[in-house]
Amino acid sequence: MSGDATVGIIANPMAGRDVRRLVARATNLTPETKRDQVARAAIGAAAAGASRILVCAEPFRISSSAVENLDVGAEIEVLDVGAKLDAGDSARAALAMREAGSAALVVLGGDGTNRAIAKTCPELPLVPISTGTNNVFPTPLEATLAGGAAGLIASGRIHRDEVAQRSKIVRVRIDGGVDAGGEDLALVDVVKLVGDRVGSLLPFDPDKIREVALARAEPAAIGISPIGGLLCPCGADDSFGVSVSCVASGDHGNSEGVRSLLVPISPGLYRTVQIASFRRLELGESIRWMGPGVLALDGDREYTLQADQASSLRVVREGPWVVDVGRALVLAAERGLYLDRGPWRDALDAAGSAPDCC
């Protein structure tokens, strides 16, 4: 492993490009937009002191084209992880960057992208930038500043523990499943659906939702998180989670006290969810769901629960370290980390236009 001040930048080219662009009103982020974000993150990291920046090759050439003309005084390396444009690309990229010596990762993607990385490299501090469909875990950061925070950590000018917090996750165990007793995790939400199927990418039908477990129940979010957030708000800093039980719209007869909740289930798409009950989940408290049904983790329908098959879920603070970019830059200001650094090296000329070689 290298001892250099190394920052990895992972941009999922498929994030924000699924079928929800057709059935809802989600934004379709172009490869050009992501390319520009990667370039800005690399520049921010180099300005903060990173001496080495890693990106990954993939068929859209988003990251490799973003850095091919950058000249910012840092070594830039493009890793080939055999990208297949599937969910495994982000995990393979994180592993390769960890082995290559990355001290921090800037991630462009949604909840699913960050989940894949968190399952692989939970100890690496993340600076997650929202470019996906479900964006509760990542936030809409300016990439220049995100790269700067990662560069400050990688260069050792700021320690991870000063500016990052370990995130909450929902740990999931399925009796006889997930590799016969192993666990999986969700960064934000786990949902039990009935009458659905593994692999579907359509927005959730509220009539199929039966149970929800949330590490973060954000009222100012889109997707599953606001189902809890509009009932019992629970943010990243709160030391609890939220559990919600739902019924189908025609099943009120056997459920007293059912209330209708209007929720933004997808961008520009509100739906009514029938709430039977909800409550706080203390950290480490275990809840048990029985099949049949399908379990969706951070929006991805992944596991089938057979009839009478049980799953257990716990909200714990054992997730990846998430960097507070604002806090990192405040510390940088207090310590004068951008003072007296000398002339800045950039491939843009003084007028702000690209030189002839570019």
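Residues numbered from 1 in each chain as written. Predicted model: local features only at pLDDT ≥ 70, side-chain atom pairs only at ≥ 80, totals over all residues. Heavy atoms only, no water.

## Structural notes on helix α5 (residues 111-120)
Point 1. With eight of ten residues buried, α5 is to be regarded as a mostly interior element.
Point 2. When we look at burial in α5, the residues that qualify are Asp111, Thr113, Asn114, Arg115, Ala116, Ile117, Ala118 and Thr120. (Buried < 20%, exposed > 50% of the residue type's maximum accessible area, 1.4 Å probe, protein only. Helix = DSSP H or I, 4+ residues; strand = E, 2+ residues; numbered from the N terminus.)

## Here's the deal with the sheet that holds strand β7 (residues 169-174)
Point 1. Spatially, four strands are ordered β8-β7-β17-β14 in an open sheet, and the strand pairing comes out antiparallel. The open sheet is flanked by β8 (183-186) and β14 (286-290), the only strands paired with a single partner. Across this sheet, the average inter-strand angle for adjacent strands is 25°, counted without regard to direction.
Point 2. When β14 meets strand β17 (residues 310-316), the two strands line up antiparallel, connected through five bridges. Within β17, the position partnered with Arg288 by the bridge is Ser312. (Pairing = 2+ DSSP bridges. Axes fitted to C-alpha atoms, helices over the stretch in contact; angles between N-to-C directions.)

## Things to note about the sheet that holds strand β10 (residues 209-214)
Sheet strands pair by backbone hydrogen bonding; their relative direction is either parallel or antiparallel.
Point 1. One open sheet accounts for seven strands, arranged β12-β13-β11-β10-β9-β15-β16; its pairing is antiparallel. Since the sheet does not close on itself, it has two edges, and those belong to β12 (259-266) and β16 (300-305), each with one partner. The mean angle between the axes of side-by-side strands here comes to 30°, regardless of whether they run parallel or antiparallel.
Point 2. Bridge analysis of β12 against strand β13 (residues 269-282) gives seven bridges, and the strand direction is antiparallel. Each residue of the ladder has a partner; that of Leu262, found in β13, is Thr272.

## Here's the deal with the packing of helix α2 (residues 31-48) against helix α6 (residues 143-154)
Point 1. One way to put it is that α2 packs onto α6 with a least axis distance of 6 Å and a crossing angle of 40°. By the angle between their directions, the pair α2 and α6 is classed as oblique. Helix-helix and strand crossings are classified by hand; for α2 and α6 the assignment is right-handed. Of the residues in α6, those touching α2 at Gln37, Arg40, Ala41, Gly44, Ala45 and Ala48 are Ala143, Thr144, Gly147, Gly148, Gly151 and Leu152.
Point 2. Of the residues belonging to the contact of α2 with α6, the class tally is five nonpolar, six polar and one charged. (Parallel < 35°, antiparallel > 145°, perpendicular 65-115°, else oblique. Left-handed = near helix turned anticlockwise from the far one by under 90°. Contact = heavy atoms within 4.5 Å. Nonpolar A, V, L, I, M, F, W, Y, C, P; charged D, E, K, R; others polar.)

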